[in-house]
Amino acid sequence: MKAFTYERAKSPAQAAAAAASNPASKFIAGGTNLLDLMKLQIETPTHLIDVNHLGLDEVATTKDGGLRIGALVRNTDLAAHKLVRRDYAVLSRALLSGASGQLRNKATTAGNLLQRTRCPYFYDTTKPCNKRKPGAGCAALSGYNRNLAILGTSADCIATHPSDMAVAMRLLDATVETVSPDGSTRAIPMADFHRLPGNTPHIDTNLAAGEFITSVVLPKPLGGTHFYRKVRDRASYAFAVVSVAAVFDASGGGRFAFGGLAHKPWRIETADAAASQGPTAVAEAALAGAKTTPQNAYKVDLTRRTLASTFAQKGAAA
Ligand code: SF4
């Protein structure tokens, strides 16, 4: 690990200002991804801004009937929160399907959104990777890409976003609240928070330099029946090969978001509109434009089948 200096942030705005004044700095909270990346010298910040003591660890109801989740709420606490379990079950289930208990105890809401891809070449500094080093090339395109993306890819990167939590938040139309270095605040819809790779795969989100996440807001509960179905290579402590987040209402409508398929949580409104026609129609809409490799083409069928089993589970629950 490279040497770095350290400071403890005094407020969200001060943390943002400190980050903007030093482009080689990073925020650190749980550190469950960043510390691994620093040990591998994939991330080499010269300065760490510890944001653990900013009091952003509350879950509170909003005046609109939704929920404001502090950026530092740990994944374990969020999954177990009684209002999340009751009103946003898809989020609780997505969180509990991620990582391990120990990691969930440390990982924060904001850190979960900001975690980097698990593309193996991103972590292998002997191989070219446009996300790690812009312009270097992409070893995955002609290499081992079985777990990589089939939607929204580019000629520069076919990585997936690894978060389960973010898929549920996209389904729920969450909003990410931030503070900028000048103290101004803004709210970013989850749909616009993560980016597709395009020709800038090294940029994962639409956060500006120094911009600091303070909370995530969930709209008022959708009601309905919630599912998070995750397919992975082993029963626990593994990232999604394909995941389906779904909420069905009593009249046969539904909405869907997908993990393991793209550089960001994948949600297509035409898939929601097809809910009453069943899983085949939803899959057709969700997978429109899919671009596969010989190794990851199986994800098309796997998505169809995961949707079919989610609909079957819904039928059994009715
Ligand atoms: Fe890097 Fe993206 Fe290519 Fe993986 S898919 S090697 S993250 S550029």
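Residues numbered from 1 in each chain as written. Predicted model: local features only at pLDDT ≥ 70, side-chain atom pairs only at ≥ 80, totals over all residues. Heavy atoms only, no water.

## Considering the pairing of strand 11 (residues 254-259)
Convention followed: The buried label applies to any residue whose accessible area, calculated with a 1.4 Å probe on protein chains only, is under 20% of its type's maximum; exposed applies above 50%, and partly exposed to all values in between. Helix and strand definitions follow DSSP, with helices as H or I runs of at least four residues and strands as E runs of at least two, each counted in order from the N terminus. DSSP calls a pair of strands paired once it identifies at least 2 bridges connecting them.
Here strand 11 lies mainly inside the structure; six of its six residues are buried. Alternating positions in strand 11 separate into two faces, Gly 254, Phe 256 and Phe 258 on one and Arg 255, Ala 257 and Gly 259 on the other, with burial throughout. As paired strands, strand 10 (residues 242-248) and strand 11 are joined by six bridges and run antiparallel to one another. Following the sheet pairing, Val 244 is matched in strand 11 by Phe 258. Connecting the antiparallel pair strand 10 and strand 11 is a turn made up of five residues, with Gly 252 showing a positive phi of about 95°.

## Brief notes about empty space enclosed by the protein
Rules: The way it works is a 1 Å grid over only the protein atoms, where trapped points that fit a 1.4 Å probe form a cavity and open points with protein on both sides within 12 Å along at least five of seven lines form a pocket, and then any residue with an atom within 4 Å of a point lines it. Grid points are joined across faces, edges and corners, and a volume is the space filled by probe spheres set on the points. Amino acid classes used here: Ala, Val, Leu, Ile, Met, Phe, Trp, Tyr, Cys and Pro are nonpolar; Asp, Glu, Lys and Arg are charged; the rest, including Gly, are polar.
For the coordinates displayed, the defined rule picks out three cavities of 30 Å³ or more. By volume, the largest cavity is sized at about 80 Å³. What lines the largest cavity is a set of 15 residues, and nearest its centre among them are Cys 119, Cys 129, Cys 138, Ala 140 and Cys 157. Taken together, the residues of the lining of the largest cavity break down into 11 nonpolar, two polar and two charged. Volume-wise, the second largest cavity comes out at about 40 Å³. Residues that form the lining of the second largest cavity fall into these classes: one nonpolar, five polar and three charged.

## Thoughts on the pattern of salt bridges
Which entries qualify depends on this criterion: Every case where a carboxyl oxygen of Asp or Glu lies within 4 Å of a side-chain nitrogen of Lys or Arg is listed as a salt bridge.
Applying the stated criterion to the full structure yields 16 salt bridges. Put simply, Asp 173 and Arg 255 hold a salt bridge, and the shortest N to O gap is 3.2 Å. Here the residue Asp 173 occupies a position in the loop between helix 8 (165-171) and strand 6 (175-179), and Arg 255 occupies one in strand 11, the gap between them amounting to 82 residues. Here Asp 173 falls in the partly exposed class, since its relative accessible area comes to 35%. In the salt-bridge network here, residues are joined through shared partners; they are Arg 170, Asp 173, Arg 255, Arg 267, Glu 269 and Asp 272.

## Some points on the packing of aromatic side chains
Counted only if it meets this: For this analysis, a ring pair means two rings from Phe, Tyr or Trp (six-membered ring only for Trp) whose centres lie within 6.5 Å, classed as stacked if their planes differ by under 30 degrees, edge-to-face if by over 60, and tilted for the remaining angles. Either the NZ atom of lysine or the CZ atom of arginine qualifies as a charge over a ring when it sits within 6 Å of the ring centre and within 35 degrees of the ring normal.
Within the structure shown, the criterion is met by six aromatic pairs. When the centroid spacing of 5.3 Å and the interplanar angle of 85° are considered together, the rings of Phe 122 and Tyr 123 count as edge-to-face. By relative accessible area, which is 1% here, Phe 122 ends up buried. Ring centres of Phe 227 and Phe 248 lie 5.8 Å apart, and the angle between their planes is 70°; this geometry places the pair in the edge-to-face category. With Phe 227 in strand 9 (residues 225-231) and Phe 248 in strand 10, this residue pair connects regions lying 21 residues apart in the sequence. Among the aromatic residues, those joined into a ring-pair cluster are Phe 227, Phe 248, Phe 256 and Phe 311. Lying across the ring of Phe 248, Lys 314 places its NZ or CZ 4.8 Å from the centre.

Read these as spatial facts, not as claims about activity.
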